[in-house]
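Residue-level listing of the chains:
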Amino acid sequence: MSYDAVIVDNDGVLTKPTPTNVHRAAVRAAFSEFGVEPTTEGVDGVVHGSLTHVRRVCEVHGVDYEEFWPRHEANAAAAQAAAIERGEKTLYDDVSALVDLDRTLALVSNNQHETVETILEAFELDGLFEVAYGRDPTVEGYRNRKPSPHYLERAIDELDAERVLYVGDSNVDVLAASRAGADSAFVRRPHREDYRLAGDPTYEVQSLADVASFC
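Residues numbered from 1 in each chain as written. Predicted model: local features only at pLDDT ≥ 70, side-chain atom pairs only at ≥ 80, totals over all residues. Heavy atoms only, no water.

K.L.:
I'm lost on the overall build of the protein chain in this one. Help?
P.N.:
From N to C terminus, the protein chain includes 10 helices and six strands. For a compact globule of 215 residues, the expected C-alpha radius of gyration is about 17 Å, and the protein chain comes in at 17 Å, within 12% of that figure. Here the C-alpha coordinates of the protein chain stretch approximately 55 × 35 × 35 Å along the principal axes. Put simply, the protein chain has 215 residues, and 50% of those count as buried. Contacts in the protein chain between residues at least 24 apart in sequence constitute 68% of all its contacts with a sequence separation of at least 6. Computed over 20 positive and 39 negative side-chain charges, the separation of the two mean positions in the protein chain equals 6 Å. (Helix = DSSP H or I, 4+ residues; strand = E, 2+ residues; numbered from the N terminus. Rg over C-alpha atoms; globule rule 2.2 N^0.38 Å. Buried < 20%, exposed > 50% of the residue type's maximum accessible area, 1.4 Å probe, protein only. Contact = heavy atoms within 4.5 Å. Lys, Arg positive; Asp, Glu negative; His and termini not counted. Charge placed at Lys NZ, Arg CZ, Asp CG, Glu CD.)

Written out as structure tokens, the structure is:
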């Protein structure tokens, strides 16, 4: 099928996933701004949990979660920028396949918008995507993460595209694409070798070169 636009996820698609220790350090740094030293369980509750988990962890430590969250987002963006500088968060080699793809390209990520901007600049991808969205550094921005189609729909509207393919590496990507009326391509990266899909993507591929071959 010929698509008007190809929209890609970031983590696990363009860049390798951020190491968990980087996320944990960001959580600890955010709590430290409130004079709090969270437990390991609390840190992992923020890293891996839902907004409900974040709220509960903040309540345990006497911190207003709506005040905490913007500080977390700022620290997470800074921590990931440092990880890029150290070479801990890198680009997949097959991203080069997108350069020659004769389609409108966009980027929609669950990561912070500031992190998306850092990645585009650090890896010189600024001119590759017509639209790029990460989540806003607010509680509402966190609520609007995939599988909500919120940011994907914003990108599609801005591109004025009708036939859209969204490329991701998770169930939330496949579901968000479906909710936004887009086709989906699931990239089974090495970190997803044993990953179980809850639904059927339009395509399952091994690399971005495969995506380029049918677009």
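Next comes the rest of the write-up.
K.L.:
Which parts of the structure should I look at to understand the packing of helix 3 (residues 51–60) against helix 4 (residues 65–85)?
P.N.:
Each pair of packed helices can be summarised by the angle the axes make with each other and by the distance between the axes. Look at helix 3 against helix 4: their axes get within 10 Å of each other, and the N-to-C directions meet at 110°. By the angle class used here, helix 3 and helix 4 are roughly perpendicular. Both helix 3 and helix 4 take part in a crossing whose hand is right-handed. Taking contact as the criterion, the partners of Leu51, Val54, Arg55 and Cys58 in helix 3 are, on helix 4, Tyr65, Phe68 and Trp69. When its residues are assigned to classes, the contact of helix 3 with helix 4 shows six nonpolar, no polar and one charged. (Axes fitted to C-alpha atoms, helices over the stretch in contact; angles between N-to-C directions. Parallel < 35°, antiparallel > 145°, perpendicular 65-115°, else oblique. Left-handed = near helix turned anticlockwise from the far one by under 90°. Nonpolar A, V, L, I, M, F, W, Y, C, P; charged D, E, K, R; others polar.)

K.L.:
What should I look at first to understand the nonpolar core in this one?
P.N.:
Soluble globular proteins tend to pack their nonpolar side chains together in the buried interior. Formed by 24 residues in total, the largest nonpolar core has its most connected members in Val8, Leu14, Leu98, Phe129, Val167, Leu208 and Val211. Put simply, the parts of the chain that give this core at least two residues each are strand 1 (5–8), strand 2 (104–112), helix 6 (113–122), strand 4 (164–168), strand 5 (183–187) and helix 10 (208–214). Ala106, Val108, Val131 and Ile156 belong to the second-largest nonpolar core, a separate cluster that totals 18 residues. (Core = buried A, V, L, I, M, F, W, Y, C linked by side-chain atoms within 4.5 Å.)

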